[in-house]
Every structure is written in structure tokens, then in C-alpha cells.
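Below, each chain spelled out in residue letters.
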Amino acid sequence: MMNQERYAVCVPILHLGLLAVLALGAAASGFAQASSAAAQSQVGTNQRVQLEGELEIIHQDFRDGHGRFVYSLKLADGTRVPLHFVKQPPTHLLTGDHVRANGQLSGGSLTLYSGSTNLTKITGPAAKTPPPSTPSSSIPVPNTFGAQSTLVILVNFQDDAVQPYTVAAAQNMFFGTANNFFMENSYQQTSITGTVVGWYTIPVSITTCDTAQIGTAAQNAAVAAGANLSNYTRYVYAFPHNNVCAWAGSSSVGGKPSESWINESSPDSHTIHHELGHAFGLWHSHLLDCGTTATICSSGNIVEYGDLLDTMGVPQTASAHYNAFQKERLGWLNYGASPSIQTVQTSGIYTINPYEVGGPGPNALKILKSTDSTTGAKTWYYLEARQAVGFDAFLSNGVYYTQNETTGVLFHIGTDGNGSSSDLLDMTPATPTYYGWFDPSLVAGQTFQDSTAGVTITPTAVSSSGATVQVTMNGSACAAANPSVSVSPSQSQYVTSGTAVNFTATVTDNDSSSCAPATFNLGDALPTGWAGVWSATALSLSPGKSGSATLTATSPTGTADGSYNVGVSATNASASSYNGSAAATYVISTPGPLSISLSTNQSSYLPGQTVGVTVTMLYGTSPDAGASVTVTVTAPGGKATTLSGTTGSSGVALLNYKLSRHAAAGTYQVQVGTTVSAAISTVSAASTTAGASTTFTVQ
Ligand SMILES: [Zn+2]
């Protein structure tokens, strides 16, 4: 961002420079590094500790276009402990926040697993009360309204005491150009006032780069010359270019006082407006790159400085307006007397005022995109109607911008409570990569649809007086839900160890009807050493629909007799917090000797009655399920009748013998066949000669 190539008129050079900037920005984003100025802690190594202090977030903007956030904790005794975050650096906090940190202390720096859960803001007397306002959905970061009393201290180094520009030039940079920029961005609510002092030569070498040391030495020099630091809420340290500080500018993110460092011999107004943006509490304005076919995606490339229409990104000009998400954080939109942002909740045609112009608004629309199922944080679409006005006049420059920016509606997304979540969207992803990011807007007549959010957006007219946008909401935004999972059979037949048993898992997609079809990955939980093979690894289902797949579970040969749990699960492939599971039982039983028993439901009957015959087949104590049985009933006169059936899961077959109205009186013989085929698969003898008999009488 800070490279000078962007002013080159040669487009190919600009092209290469920009791509390098964007790529480096993406690679370097989001990681915290230790400050070289880290004070040593007296505490020993690798200890879990809880520390309390004031959070410091310093951002460095490097000349080659990458950036770095440096976090530290300032303890009550003044010790500075560098903070490292394994994940989720704290983008919901600001410099000066009083926090409690839980982490692992090693070598004087504290490693925290997560910035969102291991770092807690302590609400105390230091907490800011926001200025009085009309009710609003968001409370802005503090210290963003009115005159911002700024002390600019010009310093040079003991071994490089040059004065590359004059005090008057510095006054014009800050209280002229930067003041105009902040007045226009804030709709005339925030100004940059104050004093430029210096040049002072500080006892610091240009062969080092220690921001804390430069800041302290500059303050000391200003105080020695009569400055009263307490009259100011923002400090800026400006010095001739120091090669060791590879960055062009650096700043605290928020803070009262905020502190900014300008490392340029000929300061660029973009550097000043960008670093002061950090000082006000802003993070970068990113770009979401979803490739050439999509505007929105769940795993796109976030380009750290990618917003080409925002000073917190890399506009191809000195300065551009901060986007609506950033201005809402500052309170310059949708707060107090600021222009409103209209939150669209029902279908209709909505107007957007030209973004750069003050008034009641709305200067942007806000439409719900999604709600995080874990944190409840809402992500919004922000729609703006940019015009080539004021600091956005560069939009008429067709060398850099294809100008759909002024004939279309600009889209960003941003998430409540996360300062680093502003992403520019490309509404024309199909255009080639280079130009693709210079025509990001959705022009009149084109439609953007987000079926997950249940919203369709069509600009119907865009002009210098603003835009009208038709928004259609299907009334029910996508609400994801846990899938239902069932498994059949709930219990296997009795099998010997080593037998493959099929279980059918059925999954139902319970997402609301406006959700896109979801893919559910199938999983199983089997005892250690067992084999599980699925007929399909995943099921793709529309909301309300069900699908099935078969799990073939096989126990190792020699597994002891018993009942074993077979678990199946289904997990939403794009949101793993949505899942379901079910379990069945796999029963192993080593066959014992076959036994057959035979009985009738009564011992004596009258003609016309029905005789109930029960055949029970067991191997040892295990039922022989599914076995064919044949029963012969022989009447007193010698006439034989054959009954046949199959044993059920308990090894029992129930057969009926209907006595005629003229059935002969006497004793009837009941015999179960002498050859009985065994259903159990691993019995070596497929048939057996076991049998049983009983009798009943007819009166
Ligand atoms: Zn920056």
C-alpha cells in the first residue's frame, strides 16, 4: 500500500505492484508478533498465569504492502508483556482496554490460545460512556467525535539530524488536509486540531527501530521544550525515513492517547489518514476473493488491504472514504446526529443517498447475511451509493477505476463486534483478475441473490442523487439445524464373531426451507479393531429430505460374546456444529448345541377350535432366528397335516392348526420335522436331526 508505484501512470507496473501488495497483505494478516521492545518479566518459564493490565494493539504498515499487528499487555508497574495468540487475535478490543489475560508465560511473553476466550475486558471505572445518542443497534468505539486535539512531534535521530520538511508543511498535512479528510468522512462532526512541535533531535540512533523508545524520547523532548502532553488525546511522532523501520507508518489501534508513527521523509497523505484511522480504532478494510464464479463463499481468500475504495485498504489514490461498516464503528453513520443506515427487514424498494453527502440519510443499507450459530454475532451486507465527490472524486479517474463504482451499488460485509471483519465484495467476479477488482459494484438492472440469507437485491436506478434498490426477502432466512439420524436394525441378529452385518443409517436434513442443499459427512463409532465400511461417505440432501447409506460392520474373529455398540453420525460438511448421531447393537453369540422345544397352547380342544403350536429353536441360549420349521400333526385315524413357518428374532415360530367341526375325538400326535435347517450362518451342519414331539386331545 505504501509503495510509490501506485502513482505510476504505467498500468502494467501498477498491475504488478498491486498484485504483490495484495498477495503479501493476505499472507501476513492476522498474526501477532512480539515487540522487540518487550520488557523482561521476572516470572519463570512456561507457567500458566493470569495477568491484568492495559491492552496495547500496535499496527505496522510495511512499505512492501504487508501489515503486522503487535499486541502487548502493560502491567501496573509499567512492564510491557508481549502477547501472542494461537488463534483469534482480539479484534473486538482496543488499545487502552483494561483486560485480564490467561496464558502460558515463557521468555517474558505470554501466549494465549484464543484472543476471544483467554482475554477478557474488565468493565471498570475506566470504561467509556458513549456520547448521548438516539437508540442504535451499535455503540461506536470511543473518542471519535469533536475536535481531536493532536500533538505532532517532529523528531530526527542523533546520527541523522535532518529536517526533511518544515513545521508549516506538517501543520498543513495534519490540520489542513487530514482535518478536511476527517471532517468530510465524519459529515462535519470530527476535526483534527492541535499543535506541531519540533524538530527535536532525540538520543536515538537511526540504525535502530523501537517504536516505544522513539515515542518516549519524542515526548521527553516536547515536554523539555514546554509542551503539556495532557492537553492532547492523540500523539503523532514524525521522523525522517528510517530504513530499519521497514514500515511507512505504524499506529495504536484506538487508545487515549492514541500514538502514531510516521516514517516518511515526504509524508504521503494516505499514510497519515490510514494511521490516524487506526488511531481512531479502525482495522483494515479487506477484500473477499472468491474466484471468478462467486461473490460470496465460505472459504475465500481474504486480502488484508484489498479494499480499493477505502483508506483502510489500498485505494489507487491518496485517500478514499472509509466504508459504511468502518463509519458505523466510528459512529459517523447510524449514531446520534450522523446519517442513518437503514436496516432492511422486509421486501421493498429502498433509497440510498450519495455516500459522501451529509443529511439524515440513509447513506447505506444494511441487510442480514447470517448469524453465527456459536457466538450469535451477526454478519451484514452494507450497500453504498458512491459518487465521485470530495475525497471520492478519484472515482471519475478511468485509468484506475472502471467507474461502475458510480453507476452501481457497492457491497461490503462486516460482522458485529469484530473490527477486522470488513470485506469488499466483487459483484462482477467473472471479469479478469486485474480489472475484476476495479469494477466491484452491482449496476442498475443486475441482481445479486443470496439464497442462504433468503435475499435478492437489484439496484433499479443509480445516479448522482443516489440509488434505489429493490430488495426481496423470502421471509425466512436460512436457519440451519441438527440433522436427524436413525439406524436400522436397532439390534443385529445373533451372529458369530467375524460376521459382516449391515446397518442402514437414515439422515434427515432439518434446515429451514430457504437453506441451500447440505452435504452431511457420515461417520461411525465402532469398538477398537472393528471394520466399518460405508456404501457412501456423504449424503447431499435438500431441506426436509432424507437419505440413507449402509454401514457394513465386521467384528474381529474371536471377539467375545456380548452386545456391542455401533454408532453412526452425520455432520454438516460446511458447518460441523450441526450434526446428529444414533446407535445400534451388534450381538455376538457363539452357537451352543441346537435344542428344539414344541408345545400347544392347550392340552385339550373341541372340534372347530384352533390349536396354537409353538416351536422354539435355540443354539445354547441364543435364538436361532429365521430358521424354517415343519410340524406334522397326525390325527387319531392316521391322517397327517403339515404346518410350516419360520422362527423370529427370539427363535420362536407360531403355527396354527384348525380343527374341523367334525374332527375325530382322541389323541393327536404333533411332531417337529426330523430335519431342520439352521439359519445361523456359521453352523457347520446346515441341518440337524434334532426333533421334538407332543400330543393334544380332542373331546
Ligand atoms: Zn494499517
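Look up a bit, the structure's there.
Keep in mind that this is a model prediction, so the values were computed, not measured.

(A) Spotlight on the coordination of the zinc ion. At 2.0 to 2.4 Å from the zinc ion lie its protein donor atoms, namely Asp 61 (OD), Asp 61 (OD), His 274 (NE2), His 278 (NE2) and His 284 (NE2). Each donor residue of the zinc ion lies on one chain, and together they are spaced D-x212-H-x3-H-x5-H. Placement of His 274 in helix α4 (residues 269-280) and of His 284 in the loop between α4 and β13 (286-289) is noted, with a sequence separation of 10 residues between them. His 284 matches His 274 in its accessibility class, with the two residues each being buried.

(B) View of the pattern of salt bridges. Considering all chains together, one arrives at 6 salt bridges under this definition. Taking the shortest distance from any N to any O, the salt bridge between Lys 366 and Glu 328 comes out at 2.9 Å. Of the two residues, Lys 366 sits in strand β17 (residues 364-371) while Glu 328 sits in helix α5 (residues 324-330), which places them 38 residues apart along the sequence. The pair Lys 366 / Glu 328 is uniform in exposure class, with both members buried. Where Arg 386 meets Asp 392, a salt bridge forms, and the shortest distance between an N and an O atom there is 3.2 Å. Across this residue pair, the class does not change: Arg 386 and Asp 392 are buried. Residues joined in a network through salt bridges with shared partners are Glu 384, Arg 386 and Asp 392.

(C) Seen up close, the packing of aromatic side chains. Enumeration according to the criterion identifies 24 aromatic pairs in this entry. With centroids separated by 5.2 Å and ring planes inclined at 85°, the aromatic side chains of Phe 181 and Phe 391 adopt a geometry described as edge-to-face. With Phe 181 in helix α2 (residues 167-185) and Phe 391 in the loop between β18 (378-384) and β19 (408-415), the pair connects residues that are 210 residues apart, well separated along the chain. A centroid spacing of 5.4 Å and a plane angle of 55° characterise the contact between Tyr 237 and Trp 261, whose relative ring orientation is tilted. One end of the pair, Tyr 237, is in strand β10 (residues 234-239); the other, Trp 261, is in strand β12 (residues 258-263), with 24 residues separating them in the sequence. Here a set of aromatic residues connected by ring pairs shows up, and it is made of Phe 181, Phe 182, Phe 280, Tyr 322, Trp 332 and Phe 391. In this structure, Arg 234 is placed above the aromatic ring of Phe 280, and the distance from its NZ or CZ to the ring centre is 4.1 Å. The residue whose ring lies beneath Lys 366 is Trp 380, and the NZ or CZ to ring-centre distance is 4.7 Å.

(D) Broad picture of the side chain of Glu 259. For Glu 259, the position within the fold is in strand β12. Of the side chains with opposite charge, Arg 80 lies nearest to the buried Glu 259, which makes no salt bridge, at 5.4 Å. In this structure the side chain of Glu 259 is engaged in a polar contact, spanning 2.6 Å, whose partner is the side chain of Tyr 237. Setting aside chain neighbours within four positions, we find Glu 259 in contact with Gln 219, Tyr 235, Tyr 237, Ser 251 and Ser 252.

(E) Here's a closer look at the sheet that holds strand β22 (residues 448-450). Spatially, β16-β24-β23-β22 is the arrangement adopted by the 4 strands of the open sheet, whose pairing is antiparallel. Edge positions in the sheet fall to β16 (348-352) and β22, since each has one partner strand and no second. Strand-to-strand twist across the sheet, computed as the mean angle between neighbouring axes with direction ignored, equals 25°. Relative to strand β23 (residues 455-463), β22 runs antiparallel, the two being bridged by 3 bridges. The partner of Asp 450 across the bridge, within β23, is Val 455.

Thresholds applied
Residues numbered from 1 in each chain as written. Predicted model: local features only at pLDDT ≥ 70, side-chain atom pairs only at ≥ 80, totals over all residues. Heavy atoms only, no water. Donors = N, O, S within 2.8 Å, 3.2 Å for Na, K, Ca; no water. Helix = DSSP H or I, 4+ residues; strand = E, 2+ residues; numbered from the N terminus. Buried < 20%, exposed > 50% of the residue type's maximum accessible area, 1.4 Å probe, protein only. Salt bridge = Lys/Arg side-chain N within 4 Å of Asp/Glu carboxyl O. Phe/Tyr/Trp six-rings, centres within 6.5 Å; stacked < 30°, edge-to-face > 60°. Lys NZ or Arg CZ within 6 Å of the ring centre and 35° of its normal. Lys, Arg positive; Asp, Glu negative; His and termini not counted. Polar contact = N/O pair within 3.5 Å; in protein donor to acceptor, adjacent residues only side chain to side chain. Contact = heavy atoms within 4.5 Å. Pairing = 2+ DSSP bridges. Axes fitted to C-alpha atoms, helices over the stretch in contact; angles between N-to-C directions.

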